[in-house]
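# What the coordinates show
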Amino acid sequence: MGSRYLFLTRHGEALPDETALTEAGCQQATQLGQRLKRVPLDAVYHGPRSRAEQTAKLIAGQVGDVPVQAVEAAGDYIPYVPTREELPEDSADLLLSFLGQFTILERQRGAKLVKEATARFTGPVDGDQDRYELLVTHNYLAGWLVNQAQGSPKWRWLALDHANAALTIIRYTPERAPALLVFNDMGHLPADLRWTGFPGEFQSLA
């Protein structure tokens, strides 16, 4: 089997109604595409929402001839809902209040899709050739995949945030634990395009 290199990003900054990217979001996606030019990507996958699709296409326009495919399991959903017993006592109420806004059907859909995402985007690949894939997704799935690569408790995805068009890389090698090579890297973005998707005070960290 070969290694899988999963290049993971959150879509670029979106308009308030989330129907498309802002001008800054388009710039973020283009800059990320420039960074990935030298990566021999085998495929670009994205969630079905317009902000993820637009980001993926802008990136693909920079990296060259690479297949781009919409996948429902790469979309925006709640991957896992913990019980109160799993959560730290000091933050359980806050986290459960946040999760309480999602219906039973939304939770069931998320549980189904995250299984599909795990099967499709993680683990080593068949054959003797390494595979390089880009997954353009949303904050929740990005947090879940990073959390699982680290072997952390399942609820910890709730404490992981991904900036718009930041880059994370996870390597899945046969007979080894997953390796988080890069997380939330914004080195390809100019200072004024970093930390979107986070509270405003993070801008000062650029």
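See the structure shown above.
What counts as what
- Residues numbered from 1 in each chain as written.
- Predicted model: local features only at pLDDT ≥ 70, side-chain atom pairs only at ≥ 80, totals over all residues.
- Heavy atoms only, no water.
- Core = buried A, V, L, I, M, F, W, Y, C linked by side-chain atoms within 4.5 Å.
- Buried < 20%, exposed > 50% of the residue type's maximum accessible area, 1.4 Å probe, protein only.
- Helix = DSSP H or I, 4+ residues; strand = E, 2+ residues; numbered from the N terminus.
- Contact = heavy atoms within 4.5 Å.
- Pairing = 2+ DSSP bridges.
- Axes fitted to C-alpha atoms, helices over the stretch in contact; angles between N-to-C directions.
- Expected span 1.5 Å × (residues − 1).

### Quick notes on the nonpolar core
Judged by nonpolar contacts, the single largest core of 31 residues is most densely connected at F121, L135, L141, W144, L145 and W157. Mapped onto this core, the elements with two or more residues apiece are β1 (4-10), β2 (43-46), α3 (92-99), α4 (104-121), α5 (139-150) and β5 (167-172). Beyond its immediate chain neighbours, meaning those up to four positions away, W157 contacts I78, P79, Y80, L99, Y140, G143, W144 and N147. Ranked by size, the runner-up nonpolar core spans 18 residues in total, among them F7, V44, A60 and L134.

### A closer look at the sheet that holds β2
Whether parallel or antiparallel, the strands of a sheet pair through hydrogen bonds between backbone atoms. Ordered by their spatial adjacency, 6 strands build an open sheet running β3-β2-β4-β1-β5-β6, and the pairing between neighbours is mixed. For this open sheet the edge positions go to β3 (68-70) and β6 (179-185), each flanked by a neighbour on one side alone. Neighbour to neighbour, the strand axes of the sheet diverge by 20° on average, direction disregarded. Both β5 and β6 contribute to a ladder of 4 bridges, which runs antiparallel. By the bridge assignment, I170 is partnered in β6 with L180. Packed onto the sheet, helix α2 (residues 50-63) meets β1, β2, β3 and β4 (131-137) and runs at close to 140° relative to β4. Of the strands in this sheet, β1, β4, β5 and β6 are in contact with α5, which crosses β1 at around 145°.

### Re α5
Across its 12 residues, α5 extends 17 Å between first and last C-alpha, which sits within 8% of the 16 Å expected from 1.5 Å per residue. Counting buried residues in α5 gives 9 out of 12 residues, a clear majority hidden from the surface. Of the surrounding secondary structure, the elements contacted by the buried residues of α5 are β1, α4, β4, β5 and β6. Once α5 ends, the next one or two residues include G151, with phi positive near 70°.

### Let's talk about the pairing of β5
The element β5 is largely enclosed, with a buried count of 5 among its 6 residues. In this sheet, β5 lies alongside β1 in antiparallel orientation, the contact comprising 5 bridges. Paired with Y5 across the bridge in β5 is R171. Between the antiparallel neighbours β5 and β6 lie 6 residues, among them E175 with a positive phi of about 65°.

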